[in-house]
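Listed below are the residues making up each chain.
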Amino acid sequence: MLMARDTSRDETQKLHKKWLKHQAFMAELAQNKEWLEKIEREGQQLIQEKPELGPVVRRKLGEIHECWQDLESTTQAKARQLFEANRADLLVQSYTSLDHQLHQLEGQLGYVDQGQDLTSVNKQLKKLQTMECQMEEWYKEVGELQVAAASVPQQGQVMDTVSERQSAVETRIVRLIEPLKERRRILLASKEVHQVGRDLEDEILWVQERLPAATSQEHGSSLQAVQQLMKKNQTLQRELQGHRARVEDVLERANVIASIRSPQADCVRAGLEQLSRLWGLLWAETERRQLVLDAMYQAQQYYFDTAEVEAWLSEQELHMMNEEKGKDEPSTLQLLKKHLVLEQTIEDYAETIGLLSQQCRQLLEMGHPDSEQISKRQCQMDRLYVSLKDLVEERKSRLEQQYWLYQLNREVDELEQWIAEREVVASSPELGQDFEHVTILQEKFTEFASETGSLGQERVTAVNQMVDELIDYGHADAATIAEWKDGVNEAWADLLELMETRAQMLAASHQLHKFFTDCREVLAQIDDKQRRLPEVRARQGGTANTSTLQRLMQSFEHDIQLLVTQVRQLQESAGQLRTIYAGQKAEAIAGREQEVMHCWKELLTSCEECRVQITTATDKLRFFGVVRDQIMWMDSIISQIGTGDNPRPSNLSSTPRRG
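Keep in mind the model is a prediction, meaning the values are calculated, not measured. Numbering of residues starts from 1 in each chain and follows the order in which that chain's sequence is written. In view of the model being predicted, local features appear only for residues whose pLDDT reaches at least 70, and side-chain atom pairs are presented and counted only at 80 or more, with totals across whole chains, interfaces and linings using the full set of residues. Remark: hydrogens and water are excluded; side-chain values derive from all non-hydrogen atoms of the structure.

Draft legend 1. Geometry of the packing of aromatic side chains. Any pair of Phe, Tyr and Trp rings, taking the six-membered ring for Trp, is counted once the centres come within 6.5 Å. Such a pair is stacked with planes under 30 degrees apart, edge-to-face with planes over 60 apart, and tilted for the rest. Using the criterion set out here, one finds six aromatic pairs in the structure. Between tryptophan 206 and tryptophan 279, the ring centres sit 6.4 Å apart and the planes meet at 35 degrees, which makes this aromatic pair tilted. Placement of the pair is tryptophan 206 in helix 5 (residues 157-214) and tryptophan 279 in helix 7 (residues 263-320), with a sequence separation of 73 residues. The buried label goes to any residue with under 20% of its type's maximum accessible area, the exposed label to any with over 50%, and the partly exposed label to all in between, with areas taken from a 1.4 Å probe on protein chains only. The exposure class assigned to tryptophan 206 is buried, which follows from its relative accessible area of 12%. Residue tryptophan 279 is classed as buried on the basis of its relative accessible area of 10%. A centroid spacing of 6.4 Å and a plane angle of 25 degrees characterise the contact between tryptophan 418 and tryptophan 492, whose relative ring orientation is stacked. Residue tryptophan 418 is located in helix 10 (residues 371-426), and its partner tryptophan 492 is located in helix 12 (residues 478-542); the two are separated by 74 residues in the primary sequence. Only DSSP runs of H or I reaching four residues or more are called helices, and only runs of E reaching two or more are called strands; each is numbered from the N terminus.

Draft legend 2. Geometry of the UniProt feature "coiled-coil region" (unreviewed entry) in the protein chain. Those places that UniProt annotates as "coiled-coil region" (unreviewed entry) correspond, in this numbering, to residues 226-253. Secondary structure across residues 226-253 divides into 100% helix and 0% strand, with the first and last C-alpha atoms of the span separated by 39 Å. UniProt positions are given in the numbering used here, feature names are shortened, and annotations may be inferred rather than shown by experiment.

Draft legend 3. Highlighting the pattern of salt bridges. Here, a salt bridge means any Lys or Arg side-chain nitrogen found within 4 Å of an Asp or Glu carboxyl oxygen. With the rule as written, the count across this model stands at 17 salt bridges. The salt bridge involving arginine 246 is made with glutamate 203; its shortest N-O contact spans 3.3 Å. One end of the pair, arginine 246, is in helix 6 (residues 223-258); the other, glutamate 203, is in helix 5, with 43 residues separating them in the sequence. A relative accessible area of 33% means that arginine 246 is categorised as partly exposed. Of the charged contacts, one joins glutamate 343 and lysine 396 as a salt bridge, the two residues approaching to 3.7 Å between their closest N and O atoms. In this pair, glutamate 343 sits in helix 8 (residues 329-348) while lysine 396 sits in helix 10, placing the two residues 53 residues apart along the sequence. Judged by relative accessible area, which is 15%, glutamate 343 ranks as buried. The network of salt bridges with common partners includes Asp199, Glu203, Arg246, Asp249 and Arg253.

Draft legend 4. Representation of the side chain of threonine 286. Looking at where threonine 286 falls in the secondary structure, it is placed in helix 7. Those residues in contact with threonine 286 that lie beyond four places of it in its chain are Ala214, Asn233, Leu236, Gln237 and Leu240. Between two residues, a contact is recorded if the distance between any of their heavy atoms is within 4.5 Å.

Draft legend 5. Region of interest: the packing of helix 9 (residues 350-365) against helix 10. All axes are obtained by fitting lines to C-alpha atoms, using only the stretch in contact for helices, and the reported angles, taken between N-to-C directions, cover 0 to 180 degrees. At a minimum axis distance of 10 Å, the contact between helix 9 and helix 10 shows a crossing angle of 165 degrees. By the criterion of interaxial angle, the relationship of helix 9 to helix 10 is roughly antiparallel. As for the relative orientation of helix 9 and helix 10, their crossing is left-handed in sense. In contact with Ala350, Ile353, Leu356, Ser357, Cys360, Leu363 and Leu364 of helix 9, helix 10 contributes Ser371, Ile374, Ser375, Gln378, Met381, Asp382 and Tyr385. Gly counts as polar in this scheme, as do all residues outside two lists: the nonpolar Ala, Val, Leu, Ile, Met, Phe, Trp, Tyr, Cys and Pro, and the charged Asp, Glu, Lys and Arg. Residue composition of the contact of helix 9 with helix 10, grouped by class: nine nonpolar, four polar and one charged. Angle categories: roughly parallel below 35 degrees, roughly antiparallel above 145, roughly perpendicular from 65 to 115, and oblique for all the rest. A clockwise turn of the near helix away from the far one marks a right-handed crossing, whereas an anticlockwise turn of less than a right angle marks a left-handed crossing.

Draft legend 6. Up close: the packing of helix 8 against helix 10. Running from N to C, helix 8 and helix 10 point in directions that differ by 155 degrees, and their axes come no closer than 9 Å. Compared by their axis directions, helix 8 and helix 10 come out roughly antiparallel. By crossing handedness, the relation of helix 8 to helix 10 is classed as left-handed. A class-by-class count of the residues in the contact of helix 8 with helix 10 yields 11 nonpolar, four polar and nine charged.

Right, dumping it as structure tokens:
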């Protein structure tokens, strides 16, 4: 602000320097205007972030903006004041200064330096660019001075000087345009030559840096190493592909320069030949290395897959060598199921083995360097797989035998338990309280024996068949299985014997109770016959018909005759029972037999007495009948004698004799 308001007229300071100083100040002011705009943006951002500071920020921004406007107006006013006060002198001094600077530039253009290398050429170009920028600024300044001169009055000696200076400056500017262009062309041509040489060197260095990776003999000793090398080679190929345009551009530019006959072109031509040779070699080596790495990758992939398969087969082989058989039938069945699943997995794994075998054949057919090693690995893997399948069959056989053994053990235990339960029934001591009870027991036991015999024989036969099949199969526990078979057959034979004994005991008990029942029935019948004898005796006294008495007696004797068979059967039963029973039961049998025989004898005696009585009564009645007939005959004779008729012969001799 103080510089803008400086209006002193120091005579020691030239007016032109004041004018230049003020112009520099105005340029600085124009540059600082961006700083003012930045302050305004930061103030607005601060207001948005912290609204509470809005009034203070706006006040400060207003003060700064007001000061800035005051500064600009003061600067413009001073510029106008300086220009208006000393316009003609300023024009003369300005043209004189420009002419002096153009003369210096013309002297610089008189010496042409093409540069020894790219750096020096770039420095010369930068210097030339500075000159061109100065020329543009001076050209603008001439235009501004022309505008200023047009506003100056045309009278006076000063204006003649201004016109002379103006014409000289414009002529010198026009004369400098072509030298500047020529110098730029020369420098650009020199820069292109040096740039192509530099690019050739850079590309040759770039190719040489990558050539060892392309020609490397390291092919990797594992799948991971080969993959990494392949990735590096593929990255190198992609890098070459991406860099191809750059190399072709350099080669094309080098070809253009190489066609020129000059010392610099000879160097470019040598670099061109070297880069072309190295670039082709790098491409060929990367492609060759890719083919080699592909072959190594296939081999390492085969080795890797083979190692995984061998590891898996070895792991499964350890599982197959496990001696665990299961603690019981469910655990053994679970192990067998797992084994069957694993067996199917191993069976399905044959497809993987087949794929590796196919890969092995492909490697052998393409003549891989490791063909012998690959063939050995394939044979080793095939043998390992066959050995694993044999172990699978062996373990399956062991588990199946163990499972069958547990099944047989369960069947044997269940059958023995069933036989034991049947033995409890077969060994029951209950023989019945009476004839009806023993009959029910005998019927139930007969049904029980029939069911037990059929079902038991079926189950025993099934167990024996299982045992025979396991023994014929060559079961490892054949001796134990044979012992189980003997135990089951012995238990079954004991049960059959118990049932036979029980049946005999029930039959004997049935016979005993039947004997006692028959005894009671016979005694009842004998008692009934004893009670009927008085009725027979009573009827023989009340009837005079001998035939009726005889029929009555014959009917009674017929009933007695039926009892004879029963009594004899009782005697036979008593004789059989005495061979079976002894002690109290034998005494009871003998007592009942004696009681029956005693009653039977009494009945026979009474019957005999009754028969004698009936015979006596019959004879008596027959005698009375004969006497009555004789009396009637005698009466008839007497009557005939009295009437004088011939007497009829007597019928005594023809009368049948009764009694």
